[in-house]
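Here are the chains, one letter per residue:
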Amino acid sequence: MRYYFLNVGFLVLSLSSVSAGAEILNKEAIPSQVLDQLYKRHPNAMDISAEKKTHFKQSLYEITFKEEKDKEKIIELYRDNGHFFISGDNVQGANMMPSTVYDNLKAAFGAYTIKNAILVVNPNGVGEEYDLTVNASGNDWSVVVDRAGNIIQKERE
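Residues numbered from 1 in each chain as written. Predicted model: local features only at pLDDT ≥ 70, side-chain atom pairs only at ≥ 80, totals over all residues. Heavy atoms only, no water.

Per the secondary structure count, the protein includes 3 helices and 9 strands. Beginning at the N terminus, the succession of helices and strands in the protein can be written as α-β-α-β-β-β-β-α-β-β-β-β. Partitioning the contacts of the protein with sequence separation of at least 6, the portion at a separation of at least 24 is 42%. Here the protein has roughly 9500 Å² of accessible surface; of this, 52% comes from carbon and sulfur atoms. (Helix = DSSP H or I, 4+ residues; strand = E, 2+ residues; numbered from the N terminus. Contact = heavy atoms within 4.5 Å. Areas by Shrake-Rupley, 256 points an atom, 1.4 Å probe, with all protein chains shown as cover.)

Have a look at this one:
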């Protein structure tokens, strides 16, 4: 009986630790070691925001910012300890994703629109993932899709 209660307790703890949705972090909420590394690479970074993401089974901060001279947003991913992981490539409208991505999104959401699409290439080996913001039925979803088009992660924003 005590093992039952112990298992139920672990279940409650694990469920409470799962995030309910992707949250945009402002500059003050980004860990200092991540900001330090960002400013080392980009001393003129401005309009900084971040999102907590998971790619290739690693917890990462997806930092979006602009530099003074550029109008375009730059996307970089950093590990929790502040080390640079990889730059993300905006592939919105470029039709760079495999057709199975669109088929699997249609199966998962029905009617949908892709608001944002970022290609994340694994710097530690083979593979790439697509980080998508999908709007379906009036809700925004953060969706991670692998190279084969399989939906790896899906959470409501």
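More follows now that the structure is in view.
Here we take up the sheet that holds strand 4 (residues 74-79). Two modes of strand pairing occur in sheets, parallel and antiparallel, and in both the strands are linked by backbone hydrogen bonds. Pairing is antiparallel in the open sheet, where 9 strands are placed in the order 1-2-3-4-5-6-7-8-9. Each edge of the open sheet carries a strand with a single partner, namely strand 1 (24-25) and strand 9 (151-156). Where strand 4 and strand 5 (residues 84-90) come together, 4 bridges link them in antiparallel fashion. Note that in strand 5 the partner of I75 across the bridge is G88. In the packing of helix 2 (residues 32-41) onto the sheet, contacts are made with strand 2 (45-55), strand 3 (58-67), strand 4 and strand 5, and the angle to strand 4 comes to roughly 135°. (Pairing = 2+ DSSP bridges. Axes fitted to C-alpha atoms, helices over the stretch in contact; angles between N-to-C directions.)

We now examine the side chain of E129. Note that E129 resides in strand 7 (residues 128-136). One polar contact links the side chain of E129 to the main-chain amide nitrogen of F56, over a distance of 3.4 Å. Residue contacts for E129: discarding those within four places in its chain leaves T54, H55, F56, I118, L119, V120, V144, V145, D146 and I152. (Polar contact = N/O pair within 3.5 Å; in protein donor to acceptor, adjacent residues only side chain to side chain.)

Attention now goes to helix 3 (residues 99-109). By the burial criterion, the buried members of helix 3 are V101, L105 and F109. Down the axis of helix 3, the sector holding all buried residues measures 40°, keeping them to one side. Exposed residues pointing more than 90 degrees away from the buried face of helix 3 are listed as S99, D103, K106 and A107. Of the surrounding elements, those touching the buried residues of helix 3 are strand 6 (113-121), strand 7, strand 8 (139-146) and strand 9. (Buried < 20%, exposed > 50% of the residue type's maximum accessible area, 1.4 Å probe, protein only. Arc of directions from axis to C-beta.)

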